Amino acid sequence: MPTEQSLTAGGAGGDGGGEAGVDRISDLPDAILGSIVSLLPTKDAARTQAIATRWRHIWLAAPLNLDHADLPPGVVSRIILAHEGPGRRFCLRSNQAWAWPNLFNFWLRSAALDKLQELELRDGLSRPVQALIGGSRSLHTFSVDALRFPQLRQLGLDQVKISEPSLHAMISGSPVLEFLLLNRNFGFARVRINSNSLRSIGVCGKPWLQELILENAPCLERLINLHPRVDIRISVTSAPKLETLGFLSHFSWFVFGGTSIQNGRVVSLSTAVRSVKILAISNQIIDVDMVIDLLKCFPCLDKLYMKNYVSKASDQWKHRDVIKYLDIRLKTVVLEPNEFMDSHVDIASFFILNAKELELMRLGVKRCDYNEEFFAEHRRLLEMDKRASQRARLEFALEICPHDYLHIEHVRDLSLTDPFECPC
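Residues numbered from 1 in each chain as written. Predicted model: local features only at pLDDT ≥ 70, side-chain atom pairs only at ≥ 80, totals over all residues. Heavy atoms only, no water.

Identification of the protein chain as F-box domain-containing protein from Eragrostis curvula is taken from an unreviewed UniProt entry.

Concerning the pattern of salt bridges
Taken as a whole, this structure holds 27 salt bridges when the rule is applied. In this structure, the salt-bridge partner of Arg-362 is Glu-421, at a minimum N-O distance of 3.6 Å. With a gap of 59 residues between them, Arg-362 in strand 21 (residues 360–365) and Glu-421 in the segment after strand 22 (393–398) connect regions that are remote in the sequence. For Glu-421, a relative accessible area of 30% translates into the label partly exposed. A salt bridge links Arg-393 to Glu-395; the nearest nitrogen and oxygen atoms lie 2.7 Å apart. We classify Arg-393 as partly exposed; its relative accessible area is 44%. (Salt bridge = Lys/Arg side-chain N within 4 Å of Asp/Glu carboxyl O. Helix = DSSP H or I, 4+ residues; strand = E, 2+ residues; numbered from the N terminus. Buried < 20%, exposed > 50% of the residue type's maximum accessible area, 1.4 Å probe, protein only.)

Focus on the pairing of strand 20 (residues 332–337)
Counting buried positions along strand 20 gives 5 out of 6 residues, so the element sits mostly inside the fold. Inspection of the sheet shows strand 19 (residues 303–311) paired to strand 20 by 6 bridges, in the parallel sense. Bridge pairing in strand 20 places Lys-303 opposite Thr-332. Where strand 20 lies against strand 21, 4 bridges are found, and the strand directions are parallel. (Pairing = 2+ DSSP bridges.)

Observations regarding the sheet that holds strand 14 (residues 252–256)
Reading across the sheet, the 6 strands line up as 8-10-12-14-15-16 and stay open at both edges, with mixed pairing between neighbours. Since the sheet does not close on itself, it has two edges, and those belong to strand 8 (190–194) and strand 16 (265–268), each with one partner. With strand direction ignored, the average angle separating the axes of adjacent strands in the sheet is 15°. Taken together, the 5 bridges between strand 12 (residues 232–236) and strand 14 define a ladder with parallel strand orientation. Within the sheet, the bridge partner assigned to Ile-234 lies in strand 14 and is Phe-254. (Axes fitted to C-alpha atoms, helices over the stretch in contact; angles between N-to-C directions.)

Quick word on the UniProt feature "domain: F-box" (unreviewed entry) in the protein chain
Mapped onto this numbering, the UniProt entry gives "domain: F-box" (unreviewed entry) at residues 25–60. The straight-line gap between the two end C-alpha atoms of residues 25–60 is 18 Å; of that span, 47% is helix and 0% is strand. (UniProt positions renumbered as here; feature names shortened; annotations may be inferred.)

So, the nonpolar core
If you look at soluble globular proteins, the nonpolar side chains tend to sit buried side by side. Ranked by size, the top nonpolar core spans 99 residues in total, and within it Leu-119, Leu-223, Phe-298, Met-306, Phe-351 and Met-361 carry the most contacts. When residues in this core are grouped by element, the largest group, 7 residues, is from helix 8 (residues 288–297). When near neighbours in sequence (up to four residues on either side) are disregarded, Leu-119 contacts Phe-90, Leu-108, Phe-149, Leu-152, Gln-154, Leu-155, Gly-156 and Met-170. Leu-181, Ile-224, Leu-226 and Phe-420 belong to the second-largest nonpolar core, a separate cluster that totals 17 residues. (Core = buried A, V, L, I, M, F, W, Y, C linked by side-chain atoms within 4.5 Å. Contact = heavy atoms within 4.5 Å.)

A few points about the packing of aromatic side chains
In total, this model carries 9 aromatic pairs according to the counting rule given. Summarising the aromatic geometry, the rings of Tyr-370 and Phe-375 are spaced 5.1 Å apart at their centres and angled 80° between planes, so their arrangement reads as edge-to-face. Relative to Phe-396, the ring of Phe-375 has its centre 4.5 Å away and its plane inclined at 15°; by these criteria the two rings are stacked. Of the two residues, Phe-375 sits in helix 11 (residues 372–381) while Phe-396 sits in strand 22, which places them 21 residues apart along the sequence. Using a relative accessible area of 8% as the deciding quantity, one classes Phe-375 as buried. Members of the aromatic cluster, each reached through a chain of ring pairs, are Tyr-370, Phe-374, Phe-375 and Phe-396. (Phe/Tyr/Trp six-rings, centres within 6.5 Å; stacked < 30°, edge-to-face > 60°.)

Topic: a nonpolar patch on the surface
On the surface, a nonpolar cluster with roughly 220 Å² of combined accessible area is contributed by Leu-28, Ile-32 and Ile-36. Mapping Ile-32 onto the fold places it in helix 1 (residues 30–37). (Patch = residues over 30% accessible without salt bridge, like charges linked within 9 Å, V, L, I, M, F, W, Y side chains within 5 Å. Areas by Shrake-Rupley, 256 points an atom, 1.4 Å probe, with all protein chains shown as cover.)

Some points on the environment of Met-361
Mapping Met-361 onto the fold places it in strand 21. Separated by 31 residues in the primary sequence, Met-361 and Ala-392 have C-alpha atoms spaced 7.1 Å apart. Excluding its chain neighbours within four sequence positions, the residues that come into contact with Met-361 are Val-333, Leu-335, Ala-348, Phe-351, Ile-352, Arg-393, Leu-394 and Glu-395.

Brief notes about helix 1
Here helix 1 has its buried residues at Leu-33, Gly-34 and Val-37. Considered in projection along helix 1, the buried side chains sweep an arc of 100° and stay on one side of the axis. Where helix 1 is buried, its residues contact helix 2 (42–47) and helix 3 (58–61). (Arc of directions from axis to C-beta.)

What to know about unusual backbone geometry
Here the residue pair Lys-206 and Pro-207 is connected by a cis peptide bond, since its omega of -5° sits within 30 degrees of zero. Within the element layout of this structure, Pro-207 appears in the loop between strand 9 (200–203) and strand 10 (211–216). Of note, the amide linkage connecting Gly-246 to Phe-247 takes the cis form, showing an omega dihedral of 0°. Considering the arrangement of structural elements, one finds Phe-247 in strand 13 (residues 244–248). The phi dihedral of Arg-184 falls on the positive side, at around 55°, and the residue is not glycine. By the element assignment, Arg-184 lies in the loop between strand 7 (179–183) and strand 8. Residue classification places Arg-184 among the partly exposed residues on the basis of a relative accessible area of 31%.

What to know about the side chain of Thr-332
Secondary-structure assignment places Thr-332 in strand 20. For Thr-332, a relative accessible area of 16% gives the class buried. Among all residues touching Thr-332, those that are not within four sequence positions of it are Asp-302, Lys-303, Leu-304, Leu-358 and Leu-360.

Shown next as structure tokens:
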């Protein structure tokens, strides 16, 4: 929590060039201070009123970031009544919402949440969300069709029960929606997307969702299968700007027009998907045949991730005629097998010996193998001296990340250009 002392810039012995005790931050315009405050957790943002007289009005005029997590409903209501709006983010996390659905209905329609940009409903809301939004109206007669979010850019539903018509109404009622997170929800088996604004979608098939259909998504850039171990079918009719795709897995079925990738393998290839630049694969038995088919399907890949996979030995010589004419544009390959065996060397060496534009090969290594002896042996096995690209570097990365697949926990995480890159 910032204090008045911590908000002063410069000081004796400092290199800021200012006088000791001079408050530079408070000299910033209200709009900038408001933007800073709106990024703070709700309790910390409210406490900024106590910093100094200059700050007293900032929070009430700044875009409201309201996370109900530890706040009783009475406090939430007082904040909403006191705040001038607009609303930047509203996150509802507790099952206690069902004790006061009329309040939730009032909150969403209040001036403080006008122009709401981010809405998250999460953590165990097992009753239908339309009952929440509808207040005391009958679940059988109420529809969310009339509820619109004209400036909502991020919508996250996590463990929420909502019907298919109501979900479609929420999406269509958000004309500038850019990021959509659907994780472990109930009440709908199919989602159809027709949106001129969506840029990123994260979806999990567990426990009800069986199919995602992208009928028209002209701005979609990222399509993320959040849980590779869950069955799901994803059909893409039109998404011309799609650049980031994953995870393909043993449990997924992706369809691009007449091109079908089932259980992670290309079963039919009528049209190459040239827009995709970043591809991620997981929970798969991988061999060179499969890799070649995927490179044919996605010929413009810059970056390829293979995580939590098992490789199968294969004879690269039988593909020598195909490889000769295969234009591999990959610049980065990240391999994180379950464990290293001789067959994993086949996969890695395929890229080392044939990817002429390769710049980086990164191998995820368990702690027990993270030593110079292992590194030297694999540089020899991978024939780095025969690499197709003289710019190619081989790196060994210690696998310490606590996340199984992704670092996506909130809808705002979908804004990451490369969600498969591990920052740990």
